[in-house]
Amino acid sequence: MGRVNYSLRDRYLFTASARYDGSSRLASGHKWVLFPSMALAWRVSEENFLNEVEELSNLKIRLGYGITGNSSIDPYKTQGSLEYNWYNYGDTGVLSFYQKEMPNVYLSWERTAQWNLGVDFGFFNGRIGGAVDMYQQETRDLLMERQLPVVSGFPNVMSNIGRVRNKGIEVTVNTILVDSRKLRWST
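1. Re the packing of aromatic side chains
Counting across every chain of the model gives 4 aromatic pairs. Arranged with centres 5.2 Å apart and planes meeting at 75 degrees, the rings of Phe35 and Trp109 form a pair that is edge-to-face. Here Phe35 is found in strand S3 (residues 32-43), whereas its partner Trp109 is found in the loop between strand S6 (92-99) and strand S7 (110-123), with 74 residues between them in sequence. Trp109 matches Phe35 in its accessibility class, with the two residues each being buried. Centre to centre, the rings of Phe121 and Phe123 are 6.1 Å apart; their planes meet at 45 degrees, and the pair counts as tilted. Given a relative accessible area of 30%, Phe123 falls into the partly exposed group.

2. A closer look at the side chain of Ser17
Within the secondary structure, Ser17 is located in strand S2 (residues 12-22). For Ser17, the side chain forms a polar contact with the side chain of Ser37, separated by 2.6 Å. Residues contacting Ser17, with those up to four places away along its chain left out, are Gly2, Arg3, Phe35, Pro36 and Ser37.

3. Side note on the environment of Ala16
Inspection of the secondary structure assignment puts Ala16 in strand S2. Look at Ala16 and you get partly exposed, because its relative accessible area is 22%. For the pair Ala16 and Gln147, spaced 131 residues apart in sequence, the C-alpha to C-alpha distance is 40 Å. Discounting residues that sit within four places of it in the chain, Ala16 has contacts with Gly2, Arg3, Val4, Ser37 and Met38.

Criteria and cut-off values
- Residues numbered from 1 in each chain as written.
- Predicted model: local features only at pLDDT ≥ 70, side-chain atom pairs only at ≥ 80, totals over all residues.
- Heavy atoms only, no water.
- Phe/Tyr/Trp six-rings, centres within 6.5 Å; stacked < 30°, edge-to-face > 60°.
- Helix = DSSP H or I, 4+ residues; strand = E, 2+ residues; numbered from the N terminus.
- Buried < 20%, exposed > 50% of the residue type's maximum accessible area, 1.4 Å probe, protein only.
- Polar contact = N/O pair within 3.5 Å; in protein donor to acceptor, adjacent residues only side chain to side chain.
- Contact = heavy atoms within 4.5 Å.

Here you go:
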């Protein structure tokens, strides 16, 4: 993992990171993936043209993008599993083994790419503050059980299939209604 942070005059901020993750739960040749991210921010409230606005205590605009991964499956799903059973061979009971789950030698990481555009704000020395964020995330190669035809001999197999897109707006507002020596009331 590596991360670089840079700040220019405490107004213009840059962060970049990269993480190289491995999971022994996934198929050989698909265990390791690089997950990068980067973010930019501008502390607008530190600019000279806002010095005269006493009510404004914080104003920051942020933009970020990153990729994360998921490998949350049971161990050895890529190899399939064996089950045993007894069957009759003439007058003798014989122990047998059979393939219970179909192996998937291509099983890989589920990946989610997300971007975010946000504004942090604060007024009256932080008495009122919050954030507004717009985001969009897309998850690809979802780790899911896929149904198989009955003639395959297996009901399903764990696969990387499908994708999901989520997007939305999140709004957070914080206030400090009372701040005295005996009582602090925040919402």
